[in-house]
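Each chain, letter by letter, is given below.
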Amino acid sequence: MNHEPSYTQVARDLWRAQREGPAGIARRRDRRLASLVAYARCHSALYRRLYADVPTHGWSLSDLPPATKPELMAAFDNWVTDPDITRAGLETFIADPARVGVPYRDGLFVCTTSGTTGHPGLFVHDRRLIAVYRAMTIVRLDLAWLSPLDWVALVRRGLRWAAIVGTGAHFAGTGWVEFERHRNPVYRRAFRTFSVQQPLAELVAELNAFDPAIMSSYPSALELLAEEQVAGRLRVRPAVLESAGESTAAASRARVAAAFNRPVHDVYAATEFEMMALDCPVGWLHVNSDWVVLEPVDAAFRPTPAGQPSETVLLTNLADRIQPIIRYDLGDSVVARPDPCPCGSPFPAIRVEGRRDDVLRLTARDGHAIAVLPLAIGAVLESAPGVRRGQIVQTGPSTIRLRLKPEPGTGTGTEEVWAAVLSNLRAYLEGQGLANVELVRAAEPPVQSPTSGKFRQVIAAPTGTAV
Ligand SMILES: [Zn+2]
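What counts, and at which threshold
Residues numbered from 1 in each chain as written. Predicted model: local features only at pLDDT ≥ 70, side-chain atom pairs only at ≥ 80, totals over all residues. Heavy atoms only, no water. Donors = N, O, S within 2.8 Å, 3.2 Å for Na, K, Ca; no water. Tetrahedral: all angles 85-135°; square planar, octahedral: opposite > 155°, others 65-115°. Buried < 20%, exposed > 50% of the residue type's maximum accessible area, 1.4 Å probe, protein only. Helix = DSSP H or I, 4+ residues; strand = E, 2+ residues; numbered from the N terminus. Pairing = 2+ DSSP bridges. Salt bridge = Lys/Arg side-chain N within 4 Å of Asp/Glu carboxyl O.

### Re the coordination of the zinc ion
Thinking step 1. Of the protein atoms, only Cys280 (SG), His286 (NE2), Cys341 (SG) and Cys343 (SG) coordinate the zinc ion, at distances of 2.1 to 2.3 Å.
Thinking step 2. Geometry at the zinc ion is tetrahedral, judged from the 4 donor atoms that bind it and their angles of 98 to 118° at the metal.
Thinking step 3. The exposure class of Cys341 is buried, given its relative accessible area of 9%.

### Some thoughts on the pairing of strand 17 (residues 387-396)
Thinking step 1. For strand 17, the buried fraction is high: 7 of the 10 residues fall into the buried class.
Thinking step 2. In this structure, strand 17 lies alongside strand 18 (residues 399-406), joined through 8 bridges in antiparallel fashion. Each residue of the ladder has a partner; that of Gln391, found in strand 18, is Arg403.
Thinking step 3. Taking the residues that link successive antiparallel strands as the turn, the strand 17-strand 18 hairpin has 2 residues.
Thinking step 4. Pairing between strand 17 and strand 20 (residues 458-459): 2 bridges, direction parallel. Looking across to strand 20, one finds that Ile392 is bridged to Val458.

### Notes on the pattern of salt bridges
Thinking step 1. The tally for this structure, following the rule as stated, stands at 29 salt bridges.
Thinking step 2. Residues Arg361 and Glu227 are paired through a salt bridge, measuring 3.0 Å at the closest nitrogen-oxygen approach. Of this pair, Arg361 sits in strand 15 (residues 360-363) while Glu227 sits in helix 12 (residues 219-230), and the two are 134 residues apart along the sequence.
Thinking step 3. Assessed through its relative accessible area of 24%, Arg361 is described here as partly exposed.
Thinking step 4. Residue classification places Glu227 among the partly exposed positions, given a relative accessible area of 35%.
Thinking step 5. The network of salt bridges with shared partners includes Asp13, Glu20, Arg27, Arg28 and Arg32.

Taken by themselves, the reported measurements are silent on function.
Here's what the structure looks like:
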């Protein structure tokens with residue numbers, strides 16, 4: 001029933017799918033979807049209940065009720081299809097940060113989200129999904145992005161890959177690098193994670209010493225590093241630059257590409273599926289639709305027409321059987337391209353609108369501007385228990401306004417949540433050389449953008465800031 005293809009079988013199939021074009025891709029997607037849904041109904045109590053009114057045969061994807069992270073997480077042990085995998089067992093495992101990327105049980109990958117929507121997620125990727133990630137990295141990423149000269153440059157530099165990511169917990173980015181390092185001694189030497197939470201000067205010094213051949217990070221971090229490279233403090237010569245985790249503005253991407261004299265490649269990634277879509281030469285993201293389904297929808301989960309930004313997007317991960325993710329509300333706003341992409345890719349093209357936070361540029365006591373990455377300061381905000389949603393707004397050169405909405409019913413009092421968040425933020429800012437920054441406790445709760453309606457966690461002041 002749960003046949004697991006090998007990595008090489010998956011790689012061959014990925015290659016064949018793109019050669020066969022849209023019909024071959026659709027055939028694989030439909031077959032995998034039917035098999036996944038049948039498996040979930042049989043082995044997951046949660047999906048059995050959720051799909052109770054859906055006929056066993058003759059259904060289409062839109063007949064399946066969507067699922068949200070809070071409802072799935074609340075019924076975790078009924079969601080997963082393997083009775084030996086439990087929320088309690090996984091929480092014990094991830095309680096130790098030293099286990100980041102350590103294979104769980106017989107080779108499973110465990111990761112968490114930091115909970116930007118206020119609901120941290122806990123994910124177990126099975127061996128089939130891991131095989132898909134590995135094969136996709138080679139077939140759709142390396143073979144598509146790298147020229148023969150790039151390969152020579154990579155091999156000469158020992159395949160050194162610097163992943164500049166959020167560290168300190170079982171996040172998908174840092175976890176995956178560590179997972180691969182556990183598997184293979186070559187990767188153990190070549191791959192390294194660098195913390196975006198550390199002060200920029202330290203990060204620059206570490207990268208100079210490492211001399212990476214591949215550099216991956218969030219667009220906001222790459223942009224800061226590009227400024228360091230232009231200023232001459234960072235001196236690296238990556239053959240490949242990869243950005244993931246936030247949406248990229250074209251101008252920002254161009255600045256990074258110019259600074260390093262290399263093109264920047266985008267990956268549309270989520271903890272729930274790490275390579276949902278990959279960029280093309282004309283600036284669209286192509287969905288790996290033989291293994292993942294993305295449906296742009298409105299707030300009532302009705303389809304959004306192509307060409308228009310969606311309210312959210314429903315993700316179906318066609319690979320993972322242990323924790324089936326079917327029509328899962330991902331929260332991003334995407335636009336589907338209505339016509340075929342001129343690049344000639346047989347995969348559907350999208351653009352991602354959401355996930356854009358600002359880099360803060362705060363003035364230190366000595367008058368220097370210090371850049372603070374949104375992901376790093378956002379993670380601090382979420383590190384205190386009992387935070388449902390938080391928002392950081394820079395209102396002056398050295399002033400931050402903090403808006404918080406505590407999680408109701410967690411047993412943690414509102415005052416305790418505020419005290420913990422303020423104390424964590426103060427410690428973080430001190431570590432960045434910004435002990436002088438004033439933290440103002442806002443009376444109002446976090447608010448959505450009045451123009452786009454989107455929620456942003458970290459917002460730079462529109463005026464009056466030193467740059
Ligand atoms: Zn394209």
